[in-house]
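Letter by letter, the chains look like this.
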Amino acid sequence: MSWDTVRLDWDGDVATLTVDRPDALNALNVATLEAMGEALEEAADDDARALVLTGAGNAFIAGADIKYMRELSAEEAQEWGELGHAVADALETFPAPTIAAVNGYAFGGGCEMALACDLRIASESAVIGNTEIDLGIIPGWGATQRLPRLVGDETARRMIFLGERLDADSAAEADLVGEVVADDELDDVAAELADRLAGKPAFAMRTAKQALNQGYEGSLASGLEYEKRAFASLFGSHDQREGMAAFVEDREPEFE
Ligand code: CO8
């Protein structure tokens, strides 16, 4: 499949989804969100073992498309919200690890797409924030829930209430991104991390991701119960038998 404002590229088992609307700093409109949803489905169907999300040019995603949004009725905004949430959910539940390679502005809905990824790497010149308050709205694609889980309640409230735009180092200090790298190294660092993730046993990786996600769904007790079942379900799998046999036999494992 091909799309006007989204690209899906492959390097071995690693898929890279690039939002490619540089004239609008990759702001997300309906067509782009729909294309992102389709591209994520395609990448999952084709068994991507890791996925990198990034933006074309020198922006990651400058947010939802304000020009599209400005005249929406409450009813239309509800639908618009659902569409963005569906894409964020598809990232969050993607069956392999996802990395946001934040290469520039990541505001509003752009920040929210990064939050829905498993891991975030920022380039030195990235600027990140949930800036919706200055448009008279609030984050609508998940940040009121995902941001505090990542950076803590106090920092999330400051960011959302003040519409703060954090530079990359401040974002790393706030635990909003895991790593800051030079602008011209971002693609390589993201690709290298994606390769490392893709080389791990896929079934165990997916199960670990599901268990981590499940932890946010309910109480600590229900999360621990989930982990017990998920842990046990890996026993008897090829990769569990092989990983442990390789350790005992002092050799490299050959995962499925
Ligand atoms: N939407 C639409 N167009 C945009 C957006 C955007 N979010 N951001 C940039 N653009 C466009 C500009 O309008 C401009 O287009 P044109 O050349 O046709 O005038 C082009 O991109 C380049 O932008 P600038 O000239 O402004 O470039 P600068 O380098 O001067 O500034 C900034 C870059 C700082 C990123 C600036 O463009 C900016 O502040 N953009 C808006 C950022 C923002 O507020 N984002 C949050 C949007 S709200 C949101 O994301 C809500 C998500 C949840 C929705 C839920 C709905 C229910």
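Preceding this section is the structure that the text describes.
Residues numbered from 1 in each chain as written. Predicted model: local features only at pLDDT ≥ 70, side-chain atom pairs only at ≥ 80, totals over all residues. Heavy atoms only, no water.

Asker: Can you help me understand the overall build of the chain in this one?
Answerer: Within the chain one finds 11 helices and 10 strands. The C-alpha radius of gyration computed for the chain amounts to 19 Å, which stays within 12% of the reference 18 Å derived for 256 residues, consistent with globular compactness. C-alpha extents for the chain along the principal axes are approximately 65 × 40 × 35 Å. For the chain, with 256 residues in total, the buried portion stands at 44%. (Helix = DSSP H or I, 4+ residues; strand = E, 2+ residues; numbered from the N terminus. Rg over C-alpha atoms; globule rule 2.2 N^0.38 Å. Buried < 20%, exposed > 50% of the residue type's maximum accessible area, 1.4 Å probe, protein only.)

Asker: What is the right way to look at the state of the cysteines in this model?
Answerer: In a disulfide, the sulfur atoms of two cysteines are covalently bonded to one another. According to the stated counting rule, one finds zero disulfides in the structure shown. Of all cysteine sulfurs, the one in C117 lies closest to C111, which takes part in no disulfide; the gap is 11 Å. Judged by relative accessible area, which is 1%, C111 ranks as buried. Taking the relative accessible area as the measure of exposure, C117 reaches 5% and is therefore buried. (Disulfide = S-S within 2.5 Å.)

Asker: Would you mind showing me how to read the sheet that holds strand β3 (residues 50-55) here?
Answerer: Each strand in a sheet pairs with its neighbour through backbone hydrogen bonds, running either in the same direction (parallel) or in the opposite one (antiparallel). The strand order across the open sheet built from six strands is β1-β2-β3-β5-β7-β10, with neighbouring strands paired in mixed fashion. Here the strands that pair on one side only, and so sit at the sheet edges, are β1 (6-11) and β10 (179-181). Pairwise comparison of adjacent strand axes, ignoring direction, gives a mean angle of 20 degrees for this sheet. Direction of pairing for strand β2 (residues 14-19) relative to β3: parallel, over a ladder of six bridges. Bridge pairing in β3 links T18 to T54. Contacts between helix α8 (residues 186-198) and the sheet are confined to β2, β3, β5 (98-102), β7 (119-123) and β10, with β7 contributing the most and set at about 160 degrees to the helix. (Pairing = 2+ DSSP bridges. Axes fitted to C-alpha atoms, helices over the stretch in contact; angles between N-to-C directions. Contact = heavy atoms within 4.5 Å.)

Asker: Would you take a moment to explain the packing of helix α5 (residues 143-151) against helix α6 (residues 153-162) for this structure?
Answerer: Packed helices, taken two at a time, are described by the angle their axes make and the gap between the axes. Between α5 and α6, whose axes approach to 7 Å, the crossing angle comes to 135 degrees. The angle between the axes of α5 and α6 places the two elements in the oblique class. Regarding α5 and α6, the two cross each other, and that crossing is right-handed. Within the contact between the two elements, α5 uses A143, T144, L147, P148 and V151 and α6 uses D153, T155, A156, M159 and I160. Taken together, the residues of the contact of α5 with α6 break down into seven nonpolar, two polar and one charged. (Parallel < 35°, antiparallel > 145°, perpendicular 65-115°, else oblique. Left-handed = near helix turned anticlockwise from the far one by under 90°. Nonpolar A, V, L, I, M, F, W, Y, C, P; charged D, E, K, R; others polar.)

Asker: Just to check I follow, could you spell out the pattern of salt bridges for this structure?
Answerer: Counted by the stated rule, this structure contains 10 salt bridges. Among the salt bridges present, the one from E242 reaches R251, with a minimum N-O distance of 2.7 Å. Residue R251 is joined to E249 by a salt bridge in which the shortest nitrogen-to-oxygen separation is 2.8 Å. With a relative accessible area of 49%, E249 lands in the partly exposed category. Shared partners join several salt bridges into a network, and the residues in it are R7, D9 and D20. (Salt bridge = Lys/Arg side-chain N within 4 Å of Asp/Glu carboxyl O.)

Asker: Would you mind showing me how to read the nonpolar core here?
Answerer: Grouped burial of nonpolar side chains is what soluble globular proteins tend to show. L17, M36, L53, V102, M113, L147 and L176 are the most contacted members of the largest nonpolar core, which has 51 residues in total. Per-element accounting of this core gives the leading share, six residues, to helix α1 (residues 30-45). Ignoring sequence-local partners within four residues, the contact set of V102 consists of F60, A114, I121, A122, S123, A126, I128 and L186. Ranked by size, the runner-up nonpolar core spans 14 residues in total, among them V14, A50, A190 and L197. (Core = buried A, V, L, I, M, F, W, Y, C linked by side-chain atoms within 4.5 Å.)

These values are about where atoms sit, not about what they do.
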